[in-house]
Amino acid sequence: MMTQPLANPHQEVHARTLFGFWVYLMTDCILFGSLFAAYAVLHNSTYGGPSAHDLFSLPYALAETMILLASSFTCGLAMLGAHLNDRRKLLLWFGVTFLLGASFLAMEISEFTKLVQAGNSWQRSGFLSAFFTLVGTHGLHITTGLLWMIVLLVPVARHGLTPTSLKRLTCLRLFWHFLDVVWIFIFTLVYLMGVK
Amino acid sequence: MRSRKLALQKGAEHETLKAYLLGLGLSILLTLTAYFVVVKHVFTGWTLVLAIVALAITQALVQLILFLHLGRELQPRWNLIVFLFMVLVIVIVIGGSLWIMYNLNARVMPTMDVDTYMLRQQGI
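A brief look at the structure comes next.

1. What about the packing of helix 4 (residues 87–117) of chain A against helix 6 (residues 163–195) of chain A?
Residue and element names in this part refer to chain A.
- For the pair helix 4 and helix 6, the least separation of the axes is 13 Å and the interaxial angle reads 30°. In terms of crossing hand, the pair formed by helix 4 and helix 6 is left-handed. From helix 4, Leu 90, Phe 94, Thr 97, Gly 101, Phe 104, Glu 108 and Glu 111 reach across to helix 6, where they touch Leu 169, Leu 172, Trp 176, Trp 183 and Tyr 191.
- For the contact of helix 4 with helix 6, the class distribution of residues is eight nonpolar, two polar and two charged.

2. Overview of the packing of aromatic side chains
- Summed over all chains, the structure comprises 19 aromatic pairs over all chains.
- With 6.5 Å between their ring centres and 70° between their planes, A:Phe73 and B:Tyr20 make a pair best called edge-to-face. Of this pair, A:Phe73 sits in helix 3 (residues 58–83) while B:Tyr20 sits in helix 1 (residues 2–39), each in a different chain.
- Between B:Tyr35 and B:Phe36, the aromatic rings sit 5.3 Å apart at their centres with planes inclined by 85°, giving edge-to-face as the arrangement.
- The class for B:Phe36 is partly exposed, based on a relative accessible area of 40%.

3. Things to note about the environment of A:Ala38
- Mapped onto the fold, A:Ala38 is located in helix 1 (residues 9–42).
- As a C-alpha pair, A:Ala38 and A:Gly126 span 88 residues in sequence and 9.6 Å in three-dimensional space.

4. Details of the side chain of B:Gln63
- Topologically, B:Gln63 is positioned in helix 2 (residues 45–66).
- What makes B:Gln63 buried here is its relative accessible area of 1%.
- Among all residues touching B:Gln63, those that are not within four sequence positions of it are A:Leu69, A:His177, A:Asp180, A:Val181, A:Ile184, B:Ser27 and B:Leu68.

5. Quick word on the nonpolar core
- Ranked by size, the top nonpolar core spans 85 residues in total, and within it A:Tyr39, A:Phe56, A:Phe94, A:Phe131, A:Leu169, A:Ile186 and A:Tyr191 carry the most contacts.
- Those elements that provide at least two residues to this core are helix 1, helix 3, helix 4, helix 5 (126–159) and helix 6 of chain A together with helix 1, helix 2 and helix 3 (78–108) of chain B.
- In terms of residues, this core owes the most to one element, helix 6 of chain A, which gives 18 residues.
- Beyond its immediate stretch of four places on either side in the chain, A:Leu169 contacts A:Met79, A:Leu90, A:Phe94, A:Leu152, A:Leu153, A:Val156 and A:Leu161.

Reading the values: the criteria
Residues numbered from 1 in each chain as written. Chains lettered and ligands numbered in written order. Predicted model: local features only at pLDDT ≥ 70, side-chain atom pairs only at ≥ 80, totals over all residues. Heavy atoms only, no water. Axes fitted to C-alpha atoms, helices over the stretch in contact; angles between N-to-C directions. Helix = DSSP H or I, 4+ residues; strand = E, 2+ residues; numbered from the N terminus. Left-handed = near helix turned anticlockwise from the far one by under 90°. Contact = heavy atoms within 4.5 Å. Nonpolar A, V, L, I, M, F, W, Y, C, P; charged D, E, K, R; others polar. Phe/Tyr/Trp six-rings, centres within 6.5 Å; stacked < 30°, edge-to-face > 60°. Buried < 20%, exposed > 50% of the residue type's maximum accessible area, 1.4 Å probe, protein only. Core = buried A, V, L, I, M, F, W, Y, C linked by side-chain atoms within 4.5 Å.

The following block contains the structure:
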């Protein structure tokens, strides 16, 4: 009885691509790690301006967290559909993922706009520079993820699912779950610790 | 043969779905716990910081295992090895930065906070 799957050149390339993408995600983690370190060092350097306690609203951040968590979950459901070769399920759940991701991004942009309009932009203090860099980099990743989703899903909707598109969608799924893991730490270290 | 393969695959997908539902449930629970620990002032000071950081790390592990399937690959588990190396680098980067910067802060300005000093220099 064999427990390992048979060697298949196609599958091997597939596995190698996924491993390469995983290594990229780990280096991205180190990028976020350095930004977290900068934030941890600068979070008290408010230069007489408002601190995290004055600026952030916890219920709002909790809503953002739940929306992103839900989108991470629906992304998983979409890939279950993909593995069963169920194109309708795949497109439906990726559609939901996209809408949730877009709502998250809209909430973040609205938060940033309010801060800047109140005169608390990244130029105000070291704390706000670190905050905008950290949360903005995460938002930029989310934006990239949403664009990537459109680019991958339009061909799937028009021409159907191929092994190559399945491989690319698997990379996207890893990227999307990874962004939710990073957000857990932003929610905890920036919002919860800032408002406590 | 083909139908049997599909049935096997459906069984595997069912397992994955269960893992996803469990991951979602645990993540919601851990997020809400952290939120209420802060809002209801269950702990104060360092206990609070340690509690919410522990909750965040637990949730990250839940999602890494149940959503990203970390550690469930076949030998020789390269994904896990790269992940652990990343954790080591992160610990050195964050721990080292905090250590150096706080030490520097304490040594350069023993009696006065840097912010107060800068404000005074500005004459505000």
